[in-house]
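# Observations on the model geometry
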Amino acid sequence: MANPLLLAGVQQLYRRLELSTGCPGECVLQGWGTSEWGRERRDYLAFRADTGLLRSWQIQAGLPGHETYMEFLFDDYRATGSITIPYSVYFDFYQAAFRITSVVVNPPLPDSDFVPKP
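Now for a description of the structure that goes with this document. Bear in mind the structure is a predicted one, so any value in this text is a computation, not a measurement.

Basis of the calculations
- Residues numbered from 1 in each chain as written.
- Predicted model: local features only at pLDDT ≥ 70, side-chain atom pairs only at ≥ 80, totals over all residues.
- Heavy atoms only, no water.
- Helix = DSSP H or I, 4+ residues; strand = E, 2+ residues; numbered from the N terminus.
- Rg over C-alpha atoms; globule rule 2.2 N^0.38 Å.
- Buried < 20%, exposed > 50% of the residue type's maximum accessible area, 1.4 Å probe, protein only.
- Contact = heavy atoms within 4.5 Å.
- Areas by Shrake-Rupley, 256 points an atom, 1.4 Å probe, with all protein chains shown as cover.
- Lys, Arg positive; Asp, Glu negative; His and termini not counted.
- Charge placed at Lys NZ, Arg CZ, Asp CG, Glu CD.
- Phe/Tyr/Trp six-rings, centres within 6.5 Å; stacked < 30°, edge-to-face > 60°.
- Lys NZ or Arg CZ within 6 Å of the ring centre and 35° of its normal.
- Core = buried A, V, L, I, M, F, W, Y, C linked by side-chain atoms within 4.5 Å.

Scanning the protein chain from N- to C-terminus turns up one helix and seven strands. What you see in the protein chain, going N to C, is helices and strands ordered as α-β-β-β-β-β-β-β. A globule of 118 residues ought to have a C-alpha radius of gyration of about 13 Å, yet the protein chain, at 17 Å, is considerably larger. Overall, the C-alpha framework of the protein chain stretches about 45 × 40 × 30 Å when taken along its three principal axes. Counting across all 118 residues of the protein chain, residues that qualify as buried make up 27%. Expressed as a percentage of contacts within the protein chain between residues at least 6 apart in sequence, the contacts between residues at least 24 apart total 17%. Carbon and sulfur atoms provide 57% of the accessible area of the protein chain, an area that totals close to 8500 Å². In the protein chain, the 10 positive side-chain charges and the 13 negative ones have mean positions that sit 2 Å from each other.

Here it is as structure tokens:
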């Protein structure tokens, strides 16, 4: 199963970020980028004001003229080594919940992992 947390960096996703209005207790950013159809796309990223952690990510998607939003919800953040990650991620489009059970930071990888397989 793919890990939904392995995402591109903000510079690859958005050409501009703007502060938007949010609910009490959160900060909402609008991310302006380009859709897979070459049209302008506006996503919303909501961060908890008390921790700065990402709470939700709404992504504009769909065919031109039939745009809709898909949403990821992030929860159960835990400190893992020197980083804090969400151990629970919900994706509304597939109604799928991802629950991370363990995390190993910077595990040693054998050289054989980098040898092309026939």
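For the rest of this paragraph, the subject is the packing of aromatic side chains. Throughout the structure, instances matching the rule amount to seven aromatic pairs. Both rings, one in Phe72 and one in Phe91, keep their centres 4.4 Å apart while their planes meet at 10°; by these two values the pair is stacked. Of this pair, Phe72 sits in strand 5 (residues 68-80) while Phe91 sits in strand 6 (residues 83-91), and the two are 19 residues apart along the sequence. Judged by relative accessible area, Phe72 falls into the buried class, the value being 12%. Directly above the aromatic system of Tyr87 lies the positively charged group of Arg78, at a separation of 4.3 Å from the ring centroid.

Moving on, we come to the nonpolar core. Most often, soluble globular proteins have nonpolar side chains that are buried together. Within the largest apolar cluster, twelve residues are counted, these being Tyr14, Leu45, Leu54, Trp57, Ile59, Ala61, Met70, Phe72, Phe74, Val89, Phe91 and Phe98. Mapped onto this core, the elements with two or more residues apiece are strand 4 (54-61), strand 5 and strand 6. Ranked by residue count, the leading element in this core is strand 4, at four residues. Once residues lying within four places of it in the same chain are set aside, the contact partners of Leu54 are Leu45, Ala46, Phe47, Phe74 and Tyr77.

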